[in-house]
Number of protein chains: 2
Amino acid sequence: MIKVRPVVERMHGYVPGEQLRGASVVKLNTNENPYPPAPGVLAAVAACASEELRRYPDPMATPLRDAAARVYDVTPERVLVGNGSDDLLTMVMRTLVGGDDVVVYPEPTYSLYDMLVTIQEGRSLTIPFPADFTLPPALADTTGRVLIVCNPNSPSGTFTPVDVIETLVRGRDGVVVVDEAYVDFAPASALPLVARYDNVLVLRTLSKSFSLAGMRIGLAFGQPALIAALAKVKDSYNVSRVAIAAGVAALDDYAWMERNVARIVATRARLAAGLRALDYEVLPSAANFVFARRRGDDQAPVQAALRARGVLVRHFATPRLADALRITVGTDDEIDRLLAELRALR
Amino acid sequence: MIKVRPVVERMHGYVPGEQLRGASVVKLNTNENPYPPAPGVLAAVAACASEELRRYPDPMATPLRDAAARVYDVTPERVLVGNGSDDLLTMVMRTLVGGDDVVVYPEPTYSLYDMLVTIQEGRSLTIPFPADFTLPPALADTTGRVLIVCNPNSPSGTFTPVDVIETLVRGRDGVVVVDEAYVDFAPASALPLVARYDNVLVLRTLSKSFSLAGMRIGLAFGQPALIAALAKVKDSYNVSRVAIAAGVAALDDYAWMERNVARIVATRARLAAGLRALDYEVLPSAANFVFARRRGDDQAPVQAALRARGVLVRHFATPRLADALRITVGTDDEIDRLLAELRALR
């Protein structure tokens, strides 16, 4: 019998959204971008098919770090590249959270936070969001090594204005992590706070807005001391040569990303309107998904029925989320299909 | 001031071997393969330059897991895919090692083990290798959550026969990790032990023998309960679509790897003979590098002089290793160049 750490023994692993295959499956469950990565990205990946793959990548992913510094107008010392932003969240926890250290976040939110705190034997102090998912004022009264704000939040899609986040940062002792996985679909970013506060870390991913979920690229922005501390626990070569090249090319065609974001934002409005017409409450979304609720009406059967009809959406079987669906904004055609299937289910 | 965990605050990050660039630089410092990956790998990488990159990869890297199961003749439940074998070592530590848990390994060895134990607030119990780097018998008298044997060992290149490892495994309570990063250059593997013992984990990488250091692919083999426990702490999507495809293609052309290994093994003998002619003691190597020593004669100046002449080799500035160099087996031409520069330095 293998002796696993008790905290890991008790843990359920994170359950990623289903990756069902099939030509006619409409996949609206994992917040992937329905549009392809930029042509330059595909060219950069193809160009990696060379003997250079026998060489280790640059440990700090320097070309991508430099590209991110250029695009986001910071110095490279303020950037850290991760194997997806999950890798960066892991670094945050391993750097800052030891036994019994407290990590604060409003919930419901991205369930990985809880798992990562558990693995560190830290304690999660969670403050419930109100029904409208505005940031709970009680967060300001908490202390802890880390405060995480997922903004826009998942699964609600709701957005907290940056000045509200800034009031939380100001005078706070611990590190404030702003997980901006979905921020390119939102009105503003907390990135400017990095220049003003040494305890802010902003996380980005190229998985959503840049259509690169399959490539695993995350970016962290913070002041140099914080970035250097995180880098200490980083796997030496955490980002492959291909991911570095793809990331550079993606940032180089920022306009491609913005164009796709604009299309998704337009479709998001159509999706929300369609869902409201079907008697769903839809929270205002600043992400590439919407959160649609029918109060007190468990949506697990709806998810299952949609799945049987070849449309995947996300359902979370927890008390606060059971009456809701999280639906990725796909193409207009995909959204039409979803809405038609929902109508047929009535 | 950011409060970093004390163990991380005190830690020096792992220092990867230098990645100096330049057309005429001979890079013999990071144990990369001098020969390119198989043509099928390059084709597979190029084929990944498609809109599919917008999709998340399979969380368990199933196609690669299946390919590894086929090639190594185990069931897929006995395989776990990592973002390099460093990622797998991190999973081992996060799954098995909590505060004050003991991790045993002979030293000097791969310095990452110590860092990973430190991050977990565990304790490293190290048993010194004798001068010939045979496995210290005192290991058998230790207890601990994990015992790690790097086999062949780095930086010594020496190989411990599998039956010696098996005597350590038998009746041992903790998990025995056999880090076989270099095993394709060695006479035998501990992989058969996985079938017989539930506490053995064998780690492999495609970085060395398969010429894929730039792609980040590691494989762990163990019984299903151990693999499932490790998977719980795995990043959800730790291996990219490109790495999965490249890994499958690499394993599909096993003969390509074996051909390159045979060339490297032949060159290794020439390198060892050349170094002995220059009055180095050379340990018998079962890896793609050799460990060459001049007793009591600090090799830091030799490394620096070689570097100035465009030849990179690895030197470790620790008391037990200071009088040695670790030299990667390159092509015959690269080895001729190294030996010529060493001769010129005399």
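What counts, and where the lines are drawn
Throughout, residues of each chain are indexed from 1 in the direction in which the sequence is written. To read the labels, note that chains go from A and ligands from 1, taken in the order they are written. Since the coordinates come from a predicted model, pLDDT governs what is reported: local features require at least 70, and pairs of side-chain atoms require 80 or more to be given and counted, while whole-chain, interface and lining totals use all residues. Excluding hydrogens and water, the side-chain values take into account all heavy atoms of the structure. Whether two strands pair depends on DSSP finding at least two bridges between them. Note on conventions: DSSP H or I runs of at least 4 residues are helices, E runs of at least 2 residues are strands, and numbering of each starts at the N terminus. Fitted lines through C-alpha atoms give the axes, limited to the stretch in contact for helices. The angle between two N-to-C directions lies from 0 to 180 degrees. Classification of residues uses two cut-offs on accessible area relative to the type maximum, computed with a 1.4 Å probe and protein chains only: under 20% is buried, over 50% is exposed, and between them is partly exposed. Only buried Ala, Val, Leu, Ile, Met, Phe, Trp, Tyr and Cys residues count toward a nonpolar core, and they belong to the same one when joined by side-chain atoms within 4.5 Å. Should any heavy atoms of two residues lie within 4.5 Å, those residues are counted as being in contact. Residue ranges for the domains originate in an automatic or database domain assignment. Here the buried area means the combined drop in accessible surface, using a 1.4 Å probe, for two parts upon being joined, counting both sides. Salt bridge, as used here, is a side-chain nitrogen of Lys or Arg placed within 4 Å of a carboxyl oxygen of Asp or Glu. As used in this structure description, the phrase polar contact means that two N or O atoms lie within 3.5 Å; if the pair is within protein, one of them must be able to donate a hydrogen and the other to accept it, and residues adjacent in sequence are counted only when both atoms belong to side chains. Confidence of the predictor in every single residue is expressed as pLDDT, which spans 0 to 100. Only Phe, Tyr and Trp rings take part, Trp by its six-membered ring, and two of them pair if their centres are within 6.5 Å. Stacked means planes under 30 degrees apart, edge-to-face means over 60, and tilted covers everything else. To sit over a ring, a charge needs its Lys NZ or Arg CZ within 6 Å of the ring centre and within 35 degrees of the ring normal. Copies are brought into register by a least-squares superposition over C-alpha atoms of residues with pLDDT of at least 70 in both. For a crossing to be left-handed, the near helix must be turned anticlockwise from the far one by less than a right angle; the clockwise case is right-handed. Each residue gets one of three labels, nonpolar for Ala, Val, Leu, Ile, Met, Phe, Trp, Tyr, Cys and Pro, charged for Asp, Glu, Lys and Arg, and polar for the others, Gly among them.

### Considering the sheet that holds strand β4 (residues 123-128) of chain B
All names here are of chain B. Spatially, β2-β8-β7-β6-β5-β3-β4 is the arrangement adopted by the seven strands of the open sheet, whose pairing is mixed. Every interior strand has two partners, whereas the edge strands, β2 (79-82) and β4, have only one. With strand direction ignored, the average angle separating the axes of adjacent strands in the sheet is 20°. In this sheet, strand β8 (residues 218-221) lies alongside strand β7 (residues 200-205) in antiparallel orientation, the contact comprising four bridges. Looking across to β8, one finds that L203 is bridged to A220.

### Here's the deal with unusual backbone geometry
The general pattern is negative phi for most residues beyond glycine and trans for most peptide bonds. All names here are of chain B. Note the cis peptide between E107 and P108, where omega equals 5°. When you line up the elements, P108 lands in the loop between β3 (102-107) and α5 (112-119). The omega torsion of the bond from N151 to P152 falls at -5°, within 30 degrees of zero and hence cis. Relative to the assigned elements, P152 resides in the loop between β5 (146-150) and α6 (162-169). At A61, a residue that is not glycine, the phi angle is positive and equals roughly 55°. Among the structural elements, A61 can be located in the loop between α2 (39-47) and α3 (62-72). Overall, A61 belongs to the buried group, its relative accessible area being 0%. For E121, which is not glycine, the phi torsion reads 60° and is therefore positive. By the element assignment, E121 lies in the loop between α5 and β4.

### Brief notes about the nonpolar core
Membership of the largest hydrophobic core comes to 176 residues, with the highest contact counts inside it found for M215(A), L219(A), L275(A), M215(B), L219(B) and L275(B). Aside from chain neighbours lying at most four places away, what touches L275(A) is Y280(A), V282(A), V290(A), A292(A), I327(A), L339(A) and L342(A).

### Comments concerning the domain arrangement of chain A
Residue and element names in this part refer to chain A. We note that the domain assignment places domain 1 (6-36 + 255-345) and domain 2 (39-253) within chain A. Taking only C-alpha atoms into account, the centre of domain 1 sits 23 Å from that of domain 2. Taken together, the 33 residues of domain 1 in the interface contact 35 residues of domain 2. Contact between domain 1 and domain 2 buries roughly 2600 Å² in total, counting both sides, with carbon and sulfur atoms accounting for 66%. Taken together, domain 1 and domain 2 are joined by zero salt bridges. Viewed at the interface, domain 2 and domain 1 are joined by 12 residue pairs in polar contact (both at pLDDT 80 or more). For the side of domain 1 that touches domain 2, the secondary-structure elements that each account for two or more residues are α10 (254-277) and β10 (289-293). Ranked by residue count, the leading element in the side of domain 1 that touches domain 2 is α10, at eight residues.

### Here's the deal with the confidence of the model for chain A
With 97% of its residues at a pLDDT of 70 or more, chain A shows a mean pLDDT of 96. Here the predicted complex scores 0.97 on pTM and 0.97 on ipTM.

### Some remarks on the packing of aromatic side chains
Residue and element names in this part refer to chain B. Taken as a whole, this structure holds 18 aromatic pairs over all chains when the rule is applied. Here Y72 and Y254 contribute two aromatic rings whose centre-to-centre distance is 6.4 Å and whose plane-to-plane angle is 75°, an arrangement assigned as edge-to-face. One end of the pair, Y72, is in helix α3; the other, Y254, is in helix α10 (residues 254-277), with 182 residues separating them in the sequence. The interplanar angle of 65° and the centroid separation of 5.7 Å between the aromatic rings of Y105 and Y113 together place this pair among those described as edge-to-face. Over the face of the ring belonging to F133 we find R320, whose NZ or CZ atom lies 5.9 Å from the ring centre. The ring of F289 carries R326 above its face, with NZ or CZ at 5.5 Å from the centroid.

### Side note on the environment of R268(B)
As for its placement among the helices and strands, R268(B) is situated in helix α10. Between the C-alpha atom of R268(B) and that of S285(B), which follows or precedes it by 17 residues, the distance is 7.9 Å.

### Quick notes on the relation of the copies chain A and chain B
The transformation that overlays chain A on chain B combines an axial shift of 0.0 Å with a rotation of 180°, and the residual RMSD is 0.0 Å. When the rotation and shift are considered jointly, the pair of chain copies conforms to a two-fold rotation axis. Within chain A, A46(A) has its C-alpha nearest the rotation axis, a separation of 2.2 Å. Mapped onto chain B, 100% of the interface residues of chain A are again interface residues, and the two copies thus contact each other with one and the same surface.

### Considerations on the side chain of R293(B)
Residues and elements named next belong to chain B. The topology assignment puts R293 in strand β10 (residues 289-293). Under the relative-accessibility criterion, R293 is labelled buried at 7%. Within the local environment of R293, its side chain forms a polar contact with the side chain of D323, the two groups lying 2.8 Å apart. Excluding its chain neighbours within four sequence positions, the residues that come into contact with R293 are F133, D279, Y280, E281, R320, L321, D323 and A324.

### Here we look at the interface of chain A and chain B
Taken together, the contact between chain A and chain B spans 77 residues of the former and 77 residues of the latter. In total, about 6400 Å² of surface goes out of reach between chain A and chain B, with carbon and sulfur atoms giving 53% of it. Three residues, R54(A), Y56(A) and K232(A), lead the burial of chain A against chain B; their summed loss comes to 12% of the area buried on that side. Between chain A and chain B we count four salt bridges in total. Between E32(A) and R55(B) there is a salt bridge, and its shortest N-O distance comes to 3.1 Å. The tally of links between chain A and chain B comes to 38 residue pairs in polar contact (both at pLDDT 80 or more). For the side of chain A that touches chain B, the elements supplying multiple residues, two or more each, are α1 (6-10), α2 (39-47), α4 (85-96), α5 (112-119), α8 (224-232) and α9 (241-252) of chain A. With seven residues, the top contributor of residues to the side of chain A that touches chain B is α4(A).

### Details of the packing of α4(A) against α5(A)
All names here are of chain A. Running from N to C, α4 and α5 cross one another at 40°; their axes reach a closest spacing of 10 Å. Our pair here, α4 against α5, has a crossing hand that is right-handed. Along its contact with α4, which presents D86, L89, T90 and M93, the element α5 presents L112, Y113, L116 and V117. Its residues placed into classes, the contact of α4 with α5 shows six nonpolar, one polar and one charged.

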